[in-house]
2 protein chains.
Amino acid sequence: MHPGCTVQELVDRVAGKWSVCIMVAAADGPIRFTELERAITGISRRMLTLTLRNLERDGMLVRTVYPTVPPRVEYSLTPMAAELHAALLAITTWAERHRADVAQAREHYDARTTA
Amino acid sequence: MHPGCTVQELVDRVAGKWSVCIMVAAADGPIRFTELERAITGISRRMLTLTLRNLERDGMLVRTVYPTVPPRVEYSLTPMAAELHAALLAITTWAERHRADVAQAREHYDARTTA
């Protein structure tokens, strides 16, 4: 088994599409449910709830309920999640830098294989 | 839209379970199909073929066919993929370091919520 794969389950879990979006959105400080809902394009309320619960269960997010009326609920990254966020940034930076290269590679490949 | 999400499609693609395993396996130098098949536990021949083709199409892998009998086929990372591999290592290092913390967080969460 390759070292990159032994931890694959965990990587899949925390680096999933919606988890990454939530961690990016929460990176600058505590964020509310409704703010997350607005910030993350295309996520359903159900999927947001589920992903938040999984991240909280994994020790990545702390959920704080303030006893206001209606109760205010905020999510913030744990130190462990903040570390992961830094590592994820390296990936998204890579993706931003190479997006055009990948598009070009696909064009070349498709031109070659359909010729 | 959050910056971490604009490139999400690309991240999903290249950071998918099997893609990561293949890039880890190819990180030390050119690797053959049969070696990949042995190195990556649980991958089917069909899924390996498909993932290799996608990575080649994305400009992440170079496929070289040597005119031996039978032909020898080797895959190697492109410079762009080697860069991504370095970034992925930060994620897997994180996951290795925090695997136990996540397991413990889950236990605590489950104990709290089923109590």
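Keep in mind it's a predicted model, so treat the numbers as computed, not measured.

### Some thoughts on the overall build of chain A
Helix and strand content of chain A: 6 helices and 3 strands. Overall, chain A shows an N-to-C arrangement of helices and strands of α-α-α-β-α-α-β-β-α. Looking at chain A as a whole, 45% of its 115 residues qualify as buried. Here the contacts in chain A between residues at least 6 apart in sequence split such that 46% fall between residues at least 24 apart. Just so you have it, chain A exposes about 6200 Å², and 55% of that area is on carbon and sulfur atoms.

### Structural notes on the sheet that holds strand β2 (residues 61-66) of chain A
Across a sheet, paired strands are connected by hydrogen bonds in the backbone, their directions being either parallel or antiparallel. Residues and elements named next belong to chain A. Here 3 strands make up an open sheet; going across it, the order is β1-β3-β2 and the pairing antiparallel. Of all strands in the sheet, those bounded by a partner on one side alone are β1 (31-32) and β2. When β2 meets strand β3 (residues 72-77), the two strands line up antiparallel, connected through 6 bridges. Bridge pairing in β3 links Val65 to Val73.

### Here we look at the environment of Asn54(B)
Residues and elements named next belong to chain B. Tracing the sequence through the fold places Asn54 in helix α5 (residues 45-57). Of the residues examined, Asn54 reaches a relative accessible area of 30% and is grouped as partly exposed. Along the primary structure Asn54 and Ser19 are separated by 35 residues, whereas in three dimensions their C-alpha atoms are 9.0 Å apart.

### What about the sheet that holds strand β2 (residues 61-66) of chain B?
All names here are of chain B. With antiparallel pairing, 3 strands are arranged side by side in an open sheet as β1-β3-β2. The strands lining the two open edges of the sheet, one partner per strand, are β1 (31-32) and β2. Across 2 bridges, β1 lies against strand β3 (residues 72-77) in antiparallel orientation. From the neighbouring strand, Ile31 faces β3, where its bridge partner is Tyr75.

### A look at the packing of helix α3 (residues 17-26) of chain B against helix α6 (residues 79-114) of chain B
Residues and elements named next belong to chain B. With their axes 10 Å apart at the nearest point, α3 and α6 run at an angle of 105° to one another. By the angle between their directions, the pair α3 and α6 is classed as roughly perpendicular. Residues Val20, Met23 and Val24 of α3 form the contact with α6, whose participating residues are Ala81, Leu84, His85 and Leu88.

### So, the nonpolar core
Judged by nonpolar contacts, the single largest core of 62 residues is most densely connected at Leu36(A) and Leu36(B). Residues within four places of Leu36(A) in sequence aside, it is in contact with Ile22(A), Ala25(A), Ile31(A), Leu48(A), Leu52(A) and Tyr75(A).

### Things to note about α6(B)
Helix length check: α6(B) (36 residues) gives 49 Å between terminal C-alpha atoms against 52 Å at 1.5 Å per residue, within 8%. Approximately 55° is the largest bend angle found in α6(B), and it occurs at His98(B).

### Some remarks on unusual backbone geometry
Residues Val69(A) and Pro70(A) are joined by a peptide bond in cis, for which omega reads -5°. With respect to the helices, strands and loops of the structure, Pro70(A) is situated in the loop between β2 and β3.

### Regarding the confidence of the model for chain A
Confidence in the prediction of chain A, expressed as mean pLDDT, is 86, and 86% of residues score 70 or more. Residue range residues 1-5 of chain A is modelled with pLDDT below 50. Its contacts to residues more than four positions away, or to other chains, number 11 contacts.

### Looking at the packing of aromatic side chains
A ring pair, where both rings are aromatic, is described by two values, the distance of the centres and the angle of the planes. A full pass over the atoms with the stated rule returns 0 aromatic pairs over all chains. A cation over an aromatic ring shows up here: Arg72(B) above the ring of Tyr66(B), its NZ or CZ 4.3 Å from the ring centre.

Thresholds applied
Residues numbered from 1 in each chain as written. Chains lettered and ligands numbered in written order. Predicted model: local features only at pLDDT ≥ 70, side-chain atom pairs only at ≥ 80, totals over all residues. Heavy atoms only, no water. Helix = DSSP H or I, 4+ residues; strand = E, 2+ residues; numbered from the N terminus. Buried < 20%, exposed > 50% of the residue type's maximum accessible area, 1.4 Å probe, protein only. Contact = heavy atoms within 4.5 Å. Areas by Shrake-Rupley, 256 points an atom, 1.4 Å probe, with all protein chains shown as cover. Pairing = 2+ DSSP bridges. Axes fitted to C-alpha atoms, helices over the stretch in contact; angles between N-to-C directions. Parallel < 35°, antiparallel > 145°, perpendicular 65-115°, else oblique. Core = buried A, V, L, I, M, F, W, Y, C linked by side-chain atoms within 4.5 Å. Expected span 1.5 Å × (residues − 1). Bend = angle between axes of the 7 residues up to and from the residue. pLDDT = per-residue confidence, 0-100. Phe/Tyr/Trp six-rings, centres within 6.5 Å; stacked < 30°, edge-to-face > 60°. Lys NZ or Arg CZ within 6 Å of the ring centre and 35° of its normal.

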